[in-house]
Amino acid sequence: MTEQSGAIAPQATFTSGTPVVLSLTDAELRRGERVLWSGLDLELRRGEFIAVLGPNGSGKTSLLHAILGRLPLSAGTLLIDGRPPRRGSDLIGYIPQQRAVAPHMPLRARDLVRLGVDGHRWGLPLGSRGLRRRIDELLTEVGAHAYADMPLGLLSGGEQQRVRVAQALATDPALLLCDEPLLSLDPHHQHAIVDLLDRRRRAHGAAVLFVTHELNPVLPLVDRVLYLAGGRFRVGTPDEVMTSSVLSDLYGGPVEVVRAHGRYLIAGAPIPHHPDHAEGVQS
Ligand SMILES: Nc1ncnc2c1ncn2[C@@H]1O[C@H](COP(=O)(O)OP(=O)(O)OP(=O)(O)O)[C@@H](O)[C@H]1O
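First, a word on scope: everything that follows refers to the structure included in this document. None of these values were measured; they are calculated from a predicted model.

## Overview of the overall build of the protein
Turning to step 1, where the next piece is worked out: A count of helical and extended segments in the protein gives seven helices and twelve strands.
Turning to step 2, where the next piece is worked out: Long-range contacts, defined here as pairs at least 24 residues apart, represent 67% of the contacts in the protein between residues at least 6 apart.

This is the structure we're talking about:
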């Protein structure tokens, strides 16, 4: 059984009158012959935080790619701020899954953030002084200014992740898509990244769709959970979804969920191997 931490109750930053940023209606996504999920109805409002959980291959990253306009739905509709998705939208900030950066790669932290600032810009480019100021502001916001001129490949995983967050915030997005941003970070760095995202959500009303295998580190922020498994899904508050009966139903086998001290302890989900998990245990 694995233990996941998180003790504070989430404080809603949105109401039913808050604008909807993302809406999926009767959405289906296929990859090849396989239906990853279907019949998905989901609305995400400004300031709302949804954790996306599910075993390997259940279609979590593919959902983000559909929202980014990289993968078309096979059925249903997907709207971002009322319009169909398109690549490079200023409305979306994206923190992709971490990949190793070669130490000799000449890209500095500020270069990566610059891609976020002017890679999206349609209008007049920022003057070089304005551009530098904006990049400095973003790096300062995430506490990464000290290593602005360091090659990315020489930064630690946690430092790189801060820089990726700065890049994702560059256009002041209404929607943040985060693909396992806490992977391989120690609890201190996990907390720092979660805190950055939460501050942005509260100060700017960004909605967050957060793909993760570990719910507890973000539990204080989570308004709802979208759990994908075996081509099916459940959406609801953590207490509605993270139950033995819901997860046993989704997995088609016995799963035990215990809530203790504001944490979920889960055992028995029949998942394929994942590097971050003990066998047979799932968040
Ligand atoms: N380019 C592709 N062409 C065809 N199938 C693909 C492609 N990329 C991914 N898939 C398949 O789509 C399925 C869903 O992949 P996806 O990466 O969305 O899952 P995931 O839930 O994010 O998994 P993980 O937890 O391992 O990151 C997988 O079975 C995968 O093999």
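## Some remarks on the packing of helix H2 (residues 109–118) against helix H3 (residues 128–141)
Turning to step 1, where the next piece is worked out: Where H2 contacts H3, the axes come no closer than 10 Å and their chain directions differ by 110 degrees. Considered as vectors, H2 and H3 are oriented roughly perpendicular to each other. Crossing of H2 against H3: the hand is right-handed. Across the interface between the two elements, Ala109, Arg110, Val113, Arg114, Val117 and Asp118 of H2 pack against Leu131, Arg134, Ile135, Leu138 and Leu139 of H3.

## Notes on the site of the ligand
Turning to step 1, where the next piece is worked out: If you check the shell around the ligand, you find Arg31, Gly32, Leu36, Gly54, Asn56, Gly57, Ser58, Gly59, Lys60, Thr61 and Ser62 and nothing else.
Turning to step 2, where the next piece is worked out: By residue number, the principal contributor to the shell around the ligand is helix H1 (residues 60–67), which donates three residues.
Turning to step 3, where the next piece is worked out: Considering only residue class, the shell around the ligand consists of one nonpolar, eight polar and two charged.

## A look at the sheet that holds strand S4 (residues 49–53)
Turning to step 1, where the next piece is worked out: Taken in spatial order, the six strands make up an open sheet running S6-S7-S8-S4-S9-S10, and their pairing is mixed. Each edge of the open sheet carries a strand with a single partner, namely strand S6 (92–95) and strand S10 (232–236). The average angle at which neighbouring strand axes cross in this sheet is 15 degrees, direction not considered.
Turning to step 2, where the next piece is worked out: Where S4 and strand S8 (residues 207–211) come together, four bridges link them in parallel fashion. Across the sheet, Ala51 pairs through a bridge with Phe210, a residue of S8.

## Describing the nonpolar core
Turning to step 1, where the next piece is worked out: Counting 74 residues, the largest nonpolar core has Val52, Leu175 and Phe210 as its most contacted members.
Turning to step 2, where the next piece is worked out: Two domains each provide a minimum of three residues to this core, namely domain 1 (12–91 + 173–242) and domain 2 (108–172).

## Description of the pairing of strand S3 (residues 34–45)
Turning to step 1, where the next piece is worked out: Note that strand S2 (residues 20–31) and S3 share eight bridges and pair antiparallel. Paired with Val20 across the bridge in S3 is Arg45.
Turning to step 2, where the next piece is worked out: From the end of S2 to the start of S3, which pair antiparallel, there are two residues, and Gly32 there has a positive phi angle of about 60 degrees.

## Observations concerning unusual backbone geometry
Turning to step 1, where the next piece is worked out: In this structure, Glu180 is a non-glycine residue whose phi angle is positive, near 50 degrees.
Turning to step 2, where the next piece is worked out: Within the secondary structure, Glu180 is located in the loop between strand S7 (175–179) and helix H5 (187–204).
Turning to step 3, where the next piece is worked out: The exposure class of Glu180 is partly exposed, given the 19 C-beta atoms found within 10 Å.
Turning to step 4, where the next piece is worked out: The phi torsion at His261 lies on the positive side, around 50 degrees, for a residue other than glycine.
Turning to step 5, where the next piece is worked out: Looking at the element boundaries, His261 is found in the loop between strand S11 (256–260) and strand S12 (263–267).

## Some details on helix H4 (residues 157–168)
Turning to step 1, where the next piece is worked out: Between its first and last C-alpha atoms H4 spans 16 Å; for twelve residues at 1.5 Å apiece the expected length is 16 Å, and the two agree.
Turning to step 2, where the next piece is worked out: Looking at H4, one finds that the buried residues are Gln160, Gln161, Arg162, Val163, Arg164, Val165, Ala166, Gln167 and Ala168.
Turning to step 3, where the next piece is worked out: Along its buried surface, H4 packs onto S6, H2, H3, S7 and H5.

Procedures and definitions
- Residues numbered from 1 in each chain as written.
- Predicted model: local features only at pLDDT ≥ 70, side-chain atom pairs only at ≥ 80, totals over all residues.
- Helix = DSSP H or I, 4+ residues; strand = E, 2+ residues; numbered from the N terminus.
- Contact = placed C-beta atoms within 7 Å.
- Axes fitted to C-alpha atoms, helices over the stretch in contact; angles between N-to-C directions.
- Parallel < 35°, antiparallel > 145°, perpendicular 65-115°, else oblique.
- Left-handed = near helix turned anticlockwise from the far one by under 90°.
- Near = placed C-beta within 6 Å.
- Nonpolar A, V, L, I, M, F, W, Y, C, P; charged D, E, K, R; others polar.
- Pairing = 2+ DSSP bridges.
- Core = buried A, V, L, I, M, F, W, Y, C linked by C-beta atoms within 7 Å.
- Buried ≥ 20, exposed ≤ 12 C-beta atoms within 10 Å, placed from the backbone.
- Domains from an automatic or database assignment.
- Expected span 1.5 Å × (residues − 1).

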